[in-house]
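Structure assessment
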Amino acid sequence: MKLVWFRNDLRLADNPALRHACAETGKVAALFVISPTQWRQHKMAAIRQRFILAQVDALGRELAALGIQLHLLR
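So, a few notes on the structure that sits alongside this text.

Procedures and definitions
- Residues numbered from 1 in each chain as written.
- Predicted model: local features only at pLDDT ≥ 70, side-chain atom pairs only at ≥ 80, totals over all residues.
- Heavy atoms only, no water.
- Helix = DSSP H or I, 4+ residues; strand = E, 2+ residues; numbered from the N terminus.
- Contact = heavy atoms within 4.5 Å.
- Pairing = 2+ DSSP bridges.
- Axes fitted to C-alpha atoms, helices over the stretch in contact; angles between N-to-C directions.
- Salt bridge = Lys/Arg side-chain N within 4 Å of Asp/Glu carboxyl O.
- Buried < 20%, exposed > 50% of the residue type's maximum accessible area, 1.4 Å probe, protein only.
- Phe/Tyr/Trp six-rings, centres within 6.5 Å; stacked < 30°, edge-to-face > 60°.
- Lys NZ or Arg CZ within 6 Å of the ring centre and 35° of its normal.

Okay, the side chain of N15 next. Along the chain, N15 turns up in the loop between β1 (2–6) and α1 (16–23). Non-local contacts of N15, meaning those with residues more than four positions away in its chain, are made with F6 and D9.

Rendered as structure tokens:
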């Protein structure tokens, strides 16, 4: 199994890590870490947090359409 860790770049198009993982045979899983504590420490605005979570939700749907499960770690 190959794991693609999504951090800052939440797009599928032109994503080299995802493309590389999908190019080989075998299962691919995706991961995103949600860290409200770290977001608060870095004084991330609530509106930005909501934007990121909406993007992660969309990413999960797009990955599911490709047969890839997005795992969320808090």
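Okay, back to it.
With that settled, the discussion passes to the sheet that holds strand β2 (residues 28–33). Each strand in a sheet pairs with its neighbour through backbone hydrogen bonds, running either in the same direction (parallel) or in the opposite one (antiparallel). The parallel open sheet is built from three strands, whose spatial order is β1-β2-β3. Here the strands that pair on one side only, and so sit at the sheet edges, are β1 and β3 (69–73). Strand-to-strand twist across the sheet, computed as the mean angle between neighbouring axes with direction ignored, equals 30°. The pairing of β2 with β3 spans five bridges and is parallel. Note on β3: the bridge partner recorded for V33 is L73. Sitting on the sheet, α1 touches β1 and β2, and the angle it makes with β1 is about 170°. Helix α3 (residues 46–65) rests against β1, β2 and β3 of the sheet, and its axis sits at about 150° to β3.

On to the pattern of salt bridges. Under the definition given, this model contains three salt bridges. With a shortest N-O distance of 3.0 Å, D9 and R11 are connected by a salt bridge. Assessed through its relative accessible area of 31%, D9 is described here as partly exposed. Overall, the relative accessible area of 41% leaves R11 in the partly exposed class.

Below, the discussion takes up the packing of aromatic side chains. Inspection of every chain in the model, using the stated rule, returns zero aromatic pairs. Sitting over the face of the ring of W5, R7 holds its NZ or CZ atom 4.3 Å from the ring centroid.

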